[in-house]
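Listed below are the residues making up each chain.
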Amino acid sequence: MTKGLLRTTLLLCGFAALMSAPLSAKTWQHIRIGTEGAYPPFNFIAADGKVQGFDIEIGNALCAQMKAQCDVVTQDWDGIIPALKAGKYDLILASMFITDERKKQVSFTDPYYKAAMSFVVPKGSELHDFSRAALKGKVIGAQAGTTQGDYLTKLYPDAEIRQYPTQEAANLDMASGRLDLQLGDAIPLLMWTKTTKDGSCCTLAGPLITERQYVGDGVGIAVRDRKSV
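Each value, and the rule that gives it
Residues numbered from 1 in each chain as written. Predicted model: local features only at pLDDT ≥ 70, side-chain atom pairs only at ≥ 80, totals over all residues. Heavy atoms only, no water. Pairing = 2+ DSSP bridges. Helix = DSSP H or I, 4+ residues; strand = E, 2+ residues; numbered from the N terminus. Axes fitted to C-alpha atoms, helices over the stretch in contact; angles between N-to-C directions. Contact = heavy atoms within 4.5 Å. Buried < 20%, exposed > 50% of the residue type's maximum accessible area, 1.4 Å probe, protein only. Expected span 1.5 Å × (residues − 1). Salt bridge = Lys/Arg side-chain N within 4 Å of Asp/Glu carboxyl O.

1. What about the sheet that holds strand S10 (residues 160–164)?
Okay, so step 1: Spatially, the 5 strands line up as an open sheet ordered S10-S9-S11-S8-S12, and their pairing is mixed. Only two strands of the sheet have a single neighbouring strand rather than two, namely S10 and strand S12 (202–209). The mean inter-strand angle of the sheet, taken between neighbouring strand axes irrespective of direction, is 30°.
Okay, so step 2: Pairing between strand S8 (residues 117–122) and strand S11 (residues 181–185): 4 bridges, direction antiparallel. Note that in S11 the partner of methionine 117 across the bridge is aspartate 185.
Okay, so step 3: Against the sheet, helix H5 (residues 147–155) contacts S8, strand S9 (139–143), S10, S11 and S12, and its axis sits at roughly 150° relative to S9.
Okay, so step 4: Across the sheet, helix H6 (residues 167–175) touches S8, S9, S10, S11 and S12, and the angle it forms with S11 is around 150°.

2. Overview of the pairing of strand S13 (residues 219–223)
Okay, so step 1: Among the 5 residues of S13, 5 are classified as buried, and the element is accordingly described as predominantly covered.
Okay, so step 2: In the sheet, strand S6 (residues 91–97) pairs with S13 via 4 bridges, with the strands oriented antiparallel. Across the sheet, residue phenylalanine 97 finds its bridge partner in S13, namely valine 219.
Okay, so step 3: Where strand S7 (residues 107–108) lies against S13, 2 bridges are found, and the strand directions are antiparallel. Counted as the bridge partner of serine 107 is valine 223 from S13.

3. With respect to helix H2 (residues 54–66)
Okay, so step 1: In this model, H2 (13 residues) spans 18 Å end to end at C-alpha, consistent with the 18 Å of a helix rising 1.5 Å per residue.
Okay, so step 2: Buried within H2 we find Phe54, Asp55, Ile56, Ile58, Gly59, Leu62 and Cys63.
Okay, so step 3: One or two positions beyond H2, positive phi appears at lysine 67, with a value near 55°.

4. Some points on the pattern of salt bridges
Okay, so step 1: In the structure shown here, the tally under the stated rule is 10 salt bridges.
Okay, so step 2: Between aspartate 100 and lysine 103 there is a salt bridge, and its shortest N-O distance comes to 4.0 Å. Taken together, the residues span about one helical turn, with aspartate 100 and lysine 103 both in helix H4 (residues 100–103) at a distance of 3 residues.
Okay, so step 3: Here lysine 103 falls in the partly exposed class, since its relative accessible area comes to 41%.
Okay, so step 4: Notably, a salt bridge pairs glutamate 101 with lysine 104, separated by 3.3 Å at the nearest N-O pair.

Any functional reading would require information that these geometric values do not contain.
Shown next, in the form of structure tokens:
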């Protein structure tokens, strides 16, 4: 699939997803979109200070179709759901996995893309076994408050799990050699390893993790539940 076709597909999926969300109690003329702004290529702050990425393109396309004024609000990941529930913005468009645990706090649209998790190891690493026994004592990184962090805590109790406020912070420790490996969303990590100087240290490793119990039902747009909309 070409980049242009992928972008178009994501935009159309995003529009269909938002139209199916439980939003009937609100007049959608002014929409505040919450995102992290630190998760390239999906959402990031560009050199001009503006938030860009696939998630933002989807949001802009939705707003254009709805003829609504839209503003983008950035929020640290670990507080992104509490800030939505507190009314800081109207929806979250931040490549959020739809998981059963998150469904207890917010409502989701249909997914607008599917995602997988992947380990990253230093180039030349002899680590090919990702079982609990093989990773005993290893230092493994992930972004805090993510499904990846939850996955590591649950499956690798004998490893040292380090959780970071942003994916960029985890990447920095990985590139600096302070981690034996890390776990994250496969697409951002692939771009990091293939397109950045720091990321050239490392490579994706092991099978992609796609089981529903870990990655949920795909990536969707989160909104406050019906009672609070």
